[in-house]
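# Structure at a glance
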Amino acid sequence: MTDQNEAVSSPLGLGAWAYDRGRLVPAAEPALPLSTQCLHYGTGTFEGIRAYRSNDGLCLFRARDHYERLLRACRILRITVAETVEDLIGITVDLVRRNGHDSDTYVRPLAYKLSLLPGLAPGVSLAGVSDALSMVTYTFPCEPGLKGVRCTISSWRRPQRDALPVQAKVVGGYVTSALAADEARALGLDDAILLDSTGNVAEASTSNVFAVFAGRVVTPPVTGDLLPGITRDTVITLCRESGLDVVERPLGPGELLGADEVFLSSTGKGVDPVLAVSGRDIGSGAVGPVAAQVAGLYEAVTHGADSKHLDWLTCVAPD
Ligand SMILES: Cc1ncc(COP(=O)(O)O)c(C=O)c1O
């Protein structure tokens, strides 16, 4: 292992240490060959995991679920990972501790196709290509309060599940998210809601979508062309536990405009109220009561204040 003194913290919040192919190394050290297959063909998969400060220190939220999703995606992409879910959780805890994070943190594991095995001709391939796994961490403070976002309905459609394994966070698939988010920002908006090929709501660029009608929470089903978000699952669980009715059914874009409330869910942003879609206020155009309630429940469960779900937390004991 490299001397700790060689690792220097980045002002952007990138942790000084990274995990790279079996070793903890200074985050600036790994250099990939320009022929790296994932760079050319998008043949990789990643996760975004958050750790929040609670009374027990910094705790990873639903790390097991994130790593199970990562390893399922690896099977789809024929990426062989030596590490088990338990190993990955252990590596994450070590890395977060080594990087000295003591406030809200974001963990980014990436499994990817690296190099063609000797003797194989260059080209798109999954078999016959070596695999690699890396991990970096960032200090990533949660934004205080609920500001809400304004969205457009994107002109880009979410690819169908028979065109892309949408249930996995596949690197190449994020081209659609990037185009949609870029389109929204060029319009002066915060995010884009993408429709599926049938014209129903799929998801936002990097979040799942919920709408509220007369106190009932509606979200598109995971059989649609969307990522089954871990935050989505958390929101559904918390809503049902607190007596809110949740229905998973196709949701039309016109329905969003008539909803009492719309909100997004993701690891990166938590529960994010949508104030307007396509220039039209949703409900009163302010943060609605259901979104505020769900955001409060989410804040409690991620920060160790919900005793029913302490098993979702993996706490990083300080050195
Ligand atoms: C396309 C997409 N949909 C939904 C989500 C939300 O997933 P999760 O709640 O697991 O973060 C993400 C997260 O990054 C995403 O990239």
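Here's what I pulled together on the structure shown here. (Residues numbered from 1 in each chain as written. Predicted model: local features only at pLDDT ≥ 70, side-chain atom pairs only at ≥ 80, totals over all residues. Heavy atoms only, no water.)

### Looking at the packing of helix α2 (residues 63-76) against helix α3 (residues 85-98)
For the pair α2 and α3, interaxial distance at closest approach is 9 Å and the crossing angle is 125°. When the axis of α2 is compared with that of α3, the two are oblique. As for how α2 packs across α3, the hand of that crossing is right-handed. Residues A63, R64, Y67, E68, L70 and L71 of α2 form the contact with α3, whose own contacting residues are V85, E86, L88, I89 and T92. (Axes fitted to C-alpha atoms, helices over the stretch in contact; angles between N-to-C directions. Helix = DSSP H or I, 4+ residues; strand = E, 2+ residues; numbered from the N terminus. Parallel < 35°, antiparallel > 145°, perpendicular 65-115°, else oblique. Left-handed = near helix turned anticlockwise from the far one by under 90°. Contact = heavy atoms within 4.5 Å.)

### Focus: the pairing of strand β5 (residues 57-61)
Look at any regular strand and the pattern is simple: side chains alternate between the two faces of the sheet. Judged by how many residues are buried, β5 sits mostly within the fold: five of five residues are covered. One ladder, built from four bridges, connects strand β4 (residues 49-54) with β5; its direction is antiparallel. Directly across from S54, in β5, lies its bridge partner G57. Linking β4 back to β5 in an antiparallel pair, the connection comprises two residues. Here four bridges tie β5 to strand β17 (residues 313-316), and the two strands are oriented antiparallel to one another. Across the sheet, the residue bridging to C59 is C315, located in β17. (Buried < 20%, exposed > 50% of the residue type's maximum accessible area, 1.4 Å probe, protein only. Pairing = 2+ DSSP bridges.)

### A look at the site of the ligand
Near the ligand there are 16 residues, and of these K169, Y174, E203, T231 and T267 occur at the shortest range. One nitrogen or oxygen atom from the side chain of Y174 is found 2.5 Å from an oxygen atom belonging to the ligand. For the ligand, the protein covers 93% of the area, taking 390 Å² as the surface of the free molecule. Breaking the shell around the ligand down by element, the ones donating at least two residues are α5 (230-241) and β14 (261-266). Residues belonging to the shell around the ligand are distributed by class as follows: three nonpolar, nine polar and four charged. (Near = heavy atom within 4 Å. Polar contact = N/O pair within 3.5 Å; in protein donor to acceptor, adjacent residues only side chain to side chain. Areas by Shrake-Rupley, 256 points an atom, 1.4 Å probe, with all protein chains shown as cover. Nonpolar A, V, L, I, M, F, W, Y, C, P; charged D, E, K, R; others polar.)

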